[in-house]
Amino acid sequence: MRQEKTKNTVKYGMLSNSLFMVREALGINPVVLVLTLLQALLAVAISLMELYVTPTILGKLERHEALGTMLGSICFFALGIMGLQGLSDYLESNQMFSRLPVRLSIIAKMWHKAGSCSYPVRESQDFIRSFTKATDASLGNSSAAEDTWNTFAVLIQNFLGFLIYLYLLTHVDPVIVIVTLVAAITGYLVSNHFNGWGYRHRQEESEIKNRFFYFRDKARDRRLAKDVRIFGIGDWLREVLDKNMRMLQDFYLRRERVCLLADITDVILSFLRNGGAYAWLLYQAV
């Protein structure tokens, strides 16, 4: 007997989702991409200003330059950082006006897809689970459809910053370059592992939350109060609700432990990186 296996599932990754969002933005409101790039460039400019302010002032002190020249440099950096930070904050607070049309377009397509499916498909558990996850990601105060652009801005900022710092490190002692690169790669691998915990357990979180909110809504539904009294299931319903609440609390506790461990690891790696670099510089100076 020959068995044929068909794979109907389609796996979507970061690249395919990113390209989808870019295509949506190009078709709905291309200004989103321009503002995202500008947001990243402003963040890089602020970092560079903050990076050069201390060595510039110290250099002028070592050269015994005039007080007016030093005050002028301090004012230049202070006003520059304040101006760039203000522009960045203004841009961030007004990003929603350009991102909202893209988000609404995605929601409209999602509901259109749900409405065009056949009744057996809509009533299946797989569809309900997928549609619930899509709704949670698209609606609410924290929307993945809009947070995606913040992620893009951070990625562009980190990429440009990496190129700039890599250029600056070429003029530094090779030992410091090696220590920095090793610490950065190790930090990335560790951070990627911890950050992926939520993604790997997203299905578990979704199932626990759905069960908890289902029983919570049923317990608060006045239309079911008579049935609860008639059949005497009040204690059972309270017990089930408490059980699911404890499961949800346990899940969040596990997630917070992972986040705490990730923060501790990041602090340790930063200490080793900075401590190793400064120890080598002190050794060279001595």
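Residues numbered from 1 in each chain as written. Predicted model: local features only at pLDDT ≥ 70, side-chain atom pairs only at ≥ 80, totals over all residues. Heavy atoms only, no water.

**Q** I keep staring at the overall build of the protein and nothing clicks. Help me out?
**A** When helices and strands are counted, the protein shows 11 helices and 0 strands. Start at the N end of the protein and walk to the C end: the helices and strands fall as α-α-α-α-α-α-α-α-α-α-α. Radius of gyration (C-alpha) of the protein: 27 Å, far over the 19 Å computed for a compact globule of 286 residues. Along the first, second and third principal axes, the C-alpha set of the protein runs to 90 × 55 × 45 Å. The buried share among the 286 residues of the protein stands at 25%. Contacts in the protein between residues at least 24 apart in sequence constitute 80% of all its contacts with a sequence separation of at least 6. (Helix = DSSP H or I, 4+ residues; strand = E, 2+ residues; numbered from the N terminus. Rg over C-alpha atoms; globule rule 2.2 N^0.38 Å. Buried < 20%, exposed > 50% of the residue type's maximum accessible area, 1.4 Å probe, protein only. Contact = heavy atoms within 4.5 Å.)

**Q** Even after reading the chapter, I still don't get the side chain of serine 105, so can you show me in this structure?
**A** Structurally, serine 105 can be placed in helix α4 (residues 96-116). Of the polar contacts made by the side chain of serine 105, one reaches the side chain of glutamate 24; its length is 3.4 Å. (Polar contact = N/O pair within 3.5 Å; in protein donor to acceptor, adjacent residues only side chain to side chain.)

**Q** Can you help me understand the packing of helix α2 (residues 31-62) against helix α7 (residues 144-169) in this one?
**A** Two quantities define a packed helix pair, namely the angle between the helix axes and the distance between the axes. Across the interface, α2 lies against α7 with an axial gap of 8 Å and an inter-helix angle of 40°. On the basis of the axis angle, α2 is oblique to α7. As α2 runs across α7, the sense of the crossing is right-handed. Tallied by class, the residues present in the contact of α2 with α7 amount to 18 nonpolar, 6 polar and no charged. (Axes fitted to C-alpha atoms, helices over the stretch in contact; angles between N-to-C directions. Parallel < 35°, antiparallel > 145°, perpendicular 65-115°, else oblique. Left-handed = near helix turned anticlockwise from the far one by under 90°. Nonpolar A, V, L, I, M, F, W, Y, C, P; charged D, E, K, R; others polar.)

**Q** What exactly am I supposed to notice about the pattern of salt bridges here?
**A** Within the structure shown, the criterion is met by 9 salt bridges. A salt bridge links arginine 255 to glutamate 205; the nearest nitrogen and oxygen atoms lie 3.5 Å apart. Pair noted here: arginine 255 is in helix α11 (residues 234-285) and glutamate 205 is in helix α9 (residues 202-220), with a separation of 50 residues, a long-range link. In this structure arginine 255 comes out as partly exposed when scored by relative accessible area, which is 28%. With a closest N to O distance of 3.0 Å, aspartate 235 and arginine 238 form a salt bridge. (Salt bridge = Lys/Arg side-chain N within 4 Å of Asp/Glu carboxyl O.)

**Q** Teacher, can you tell me more about unusual backbone geometry here?
**A** The bulk of non-glycine residues show a negative phi, and the bulk of peptide bonds are trans. The phi angle at histidine 64 is positive, at roughly 55°, despite the residue not being glycine. Along the polypeptide, histidine 64 turns up in the loop between α2 and α3 (67-93).

**Q** What's the story with the packing of aromatic side chains in this structure? I'm lost.
**A** Aromatic rings considered in pairs are described by the distance between their centres and by the relative angle of their planes. Evaluation of the coordinates by the stated rule reveals 10 aromatic pairs. A centroid spacing of 6.5 Å and a plane angle of 80° characterise the contact between phenylalanine 215 and tryptophan 236, whose relative ring orientation is edge-to-face. Placement of the pair is phenylalanine 215 in helix α9 and tryptophan 236 in helix α11, with a sequence separation of 21 residues. The buried category is assigned to phenylalanine 215, whose relative accessible area is 17%. Among the aromatic residues, ring-to-ring pairing joins Trp111, Phe127 and Phe131 into one connected group. (Phe/Tyr/Trp six-rings, centres within 6.5 Å; stacked < 30°, edge-to-face > 60°.)

**Q** Help me understand the layout of surface pockets, please; the structure alone is not making it clear to me.
**A** By rolling a water-sized probe across the atoms, one finds the places where empty space is left. In this model, the second largest pocket occupies a volume close to 170 Å³. Of all the secondary-structure elements, those providing two or more residues to the lining of the second largest pocket are α9, α10 (225-231) and α11. (1 Å grid on protein atoms, 1.4 Å probe; cavity = no way out; pocket = protein on both sides within 12 Å on 5 of 7 lines; lining within 4 Å. Points joined across faces, edges and corners; volume = space filled by probe spheres on them.)

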